[in-house]
Amino acid sequence: MKVPSKKTLFSSASRLLHTERQTDRQNLTTLFNRYVDKTDVFSWNSVIADLARSNDSSEALRAFSSMRKLSLHPNRSTFPCAIKACSSLLDLFSGKQTHQQAFVFGYHSDVFVSSALIVMYSACGEVEDARKVFDEMPERNIVCWTSMIRGYDLNGNAFDAVSLFKELLLDGRDHEDVDSKGVVSVISACSRVAAKGLTESIHGFVVKRGFERGVSVGNTLLDAYAKGREGGVAVARKIFDEIVGKDSVSYNSIMSVYAQNGMSSEAFDVFRILMNDKGKCVHDQVVRMGLEDDVVVGTSIIDMYCKCGRVEAARKVFDRMRKKNVRTWTAMIAGYGMHGHAVKALELFPVMISSGVRPNYITFVSVLAACSHAGLHVEGWRWFNLMKGRFGVEPGLEHYGCMVDLLGRAGYLQKAYDLVLTMKMKPDSVIWSSLLAACRIHKNVELAEISVARLFELDSSNCGYYMLLSHIYADAGRWKDVERVRTVMKKRGLVKPPGFSLLELNGEVHVFLIGDEEHPKRDEIYEFLEELNVKLLEAGYVSNTASVCHDVDEEEKEMTLRVHSEKLAVAFGIMSTVPGATVSVVKNLRVCSDCHDVIKLISKIVDREFVVRDAKRFHHFKNGVCSCGDYW
């Protein structure tokens, strides 16, 4: 009979350990004694590596600790896997301890150990420590360079990521060594650095190296062009067409490029193609293949349903899954948050913790975003403070962005501004634009001017910042300042992207612009809207003209509001579906206050449910109320 190797035996042992962990957590040393000689370092390395690869990071660290208690000397193969486990858990304390032990045994300068340390420190938000490890390396391979560049990008240090990539190219290293992961991080960083021609130059490098057909690189390039200046539409479409294995991110990115350049027709041509690969069909196929309980597949289905507006369907999938990892829990919490069910999200979060799943960086983004969507500033502050103190997760740009949005929209503008001033990293455009949006809600012109000044330093070509400032001046009745902002926009050739709404009926996508005159049933739609308007007035509707940014009389403002794209889409949806059917509408911009009030009333008048997905979140209208609680 053939005797199995030690590696084979220990792979079996680690799989058994995973099984035992789900039942009575049988003692680790007992398992080792049962299979192999526990004094063999190679055997310990095998089980630590196997556990780390199978995402049993806690057990991998437990094995590493048990090995050290036996006074065994780890070698250069031991530390990378142990450090990888610390990264997965975002366990900075254990990571630093492991780093110290690597130093004691003389492996801290080893290229594989150093690469793992760079990843670990970056994942835990300690990018300066990661750079210190990088700088102290006597020799570096492409993995080290890539890890450091990705670390900068992960932590919002876009300028440093780009600068380091330039250093890499000047290092004399063969450019053939650069891989797609490094390229993705550099492109992502480029989209956040206000330097003319930077994205285009990196794009040229990507094409030269033949990376542009890969889905991850292609998607990141598309996103960079979507965030960039006008003029890149043709280039973006070429990138999209050449991507092999397009996913939903590919489609969403090219639609963003079209929408931001006023090409709504082209955007919805792409949307129509995307809708022909519907999520329900995918789920049915998953069930037929018996893959629904697979943790990766199940998590993807949850995420898909949440993004399609079917959060209850997502919860059913979630409840049926026997195995859930941190991404599964995070997807469900994020889904509840974006649909306005913050209470459910915050009820689920402690259950996740009590089940033994440790929340990570993204989990806390989802929790804080849920608090922000519902205005739960007390709960938000609590989890923000516990995030580092209890769970060792260093706040990043996304967390600060959620908190600024939460505090600002709740009316604590000064507190939000003070928080921005205390940040360890440089605030990005998301943070300043969140504060600017809150200034509009609470009519704070002074802080709005401070915020927009910072935004213009980051990107003076973003039309949205000018429009928000224009609205703030309009709310304050400062029409000369409104005109001044509009004049600057005109001189710089900035055009506001058109607001549009869409809905799909029987496989066909219908697009509506404000005051739309091109839809084949426009006469019937406007006639039906007039009938609805009579019922709205009888129900006590009073138009909210504050959202119209024009110095005109109230009657003209009211007429403008009546033909907003979401109202046209809702009216057409009612006309074209059977009584009682849910009508789903997608809006490319934030739904306006007046349309929000109108759709609430319509849901009660016609006894229908409406699901509206705007640029911020989902709104579920039913029986005269909205899931957002009028807070969005």
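About the cut-offs
Residues numbered from 1 in each chain as written. Predicted model: local features only at pLDDT ≥ 70, side-chain atom pairs only at ≥ 80, totals over all residues. Heavy atoms only, no water. Helix = DSSP H or I, 4+ residues; strand = E, 2+ residues; numbered from the N terminus. Buried < 20%, exposed > 50% of the residue type's maximum accessible area, 1.4 Å probe, protein only. Contact = heavy atoms within 4.5 Å. Areas by Shrake-Rupley, 256 points an atom, 1.4 Å probe, with all protein chains shown as cover. 1 Å grid on protein atoms, 1.4 Å probe; cavity = no way out; pocket = protein on both sides within 12 Å on 5 of 7 lines; lining within 4 Å. Points joined across faces, edges and corners; volume = space filled by probe spheres on them. Nonpolar A, V, L, I, M, F, W, Y, C, P; charged D, E, K, R; others polar. Pairing = 2+ DSSP bridges. Axes fitted to C-alpha atoms, helices over the stretch in contact; angles between N-to-C directions.

A. Quick peek at the overall build of the chain. In terms of regular secondary structure, the chain is built from 33 helices and six strands. When the 632 residues of the chain are sorted by exposure, 49% land in the buried category. The long-range share in the chain, meaning contacts at least 24 apart out of those at least 6 apart in sequence, stands at 64%. By element, 53% of the accessible surface of the chain is carried by carbon and sulfur atoms, the whole surface being about 30300 Å².

B. Expanded view of the environment of G624. You can see G624 is positioned in the loop between β5 (618-622) and β6 (625-626). Assessed through its relative accessible area of 25%, G624 is described here as partly exposed. Put simply, G624 and D597 are 27 residues apart on the chain and 8.9 Å apart in space, counted from C-alpha to C-alpha.

C. Summary view of empty space enclosed by the protein. Applying the stated rule across the entire model yields one cavity of 30 Å³ or more. Of the voids in this model, the largest cavity is the one considered here, and its volume is about 40 Å³. Looking at the largest cavity, the residues that line it are L90, A123, C124, G125, Y361, G392, V393 and E394. Split into classes, the residues belonging to the lining of the largest cavity amount to five nonpolar, two polar and one charged.

D. How the structure looks around the sheet that holds strand β2 (residues 508-513). In spatial order, the strands read β2-β1-β3-β4-β5-β6; together these six strands make up an open sheet with mixed pairing. Looking at the sheet topology across the chains shown, the edges are occupied by β2 and β6. Bridge analysis of β5 against β6 gives two bridges, and the strand direction is antiparallel. Bridge assignment links F621 to a residue of β6, and that residue is C626. Packing against the sheet, helix α32 (residues 565-576) makes contact with β1 (500-505), β2, β3 (583-587) and β4 (610-613), and its axis sits at approximately 15 degrees to β1.

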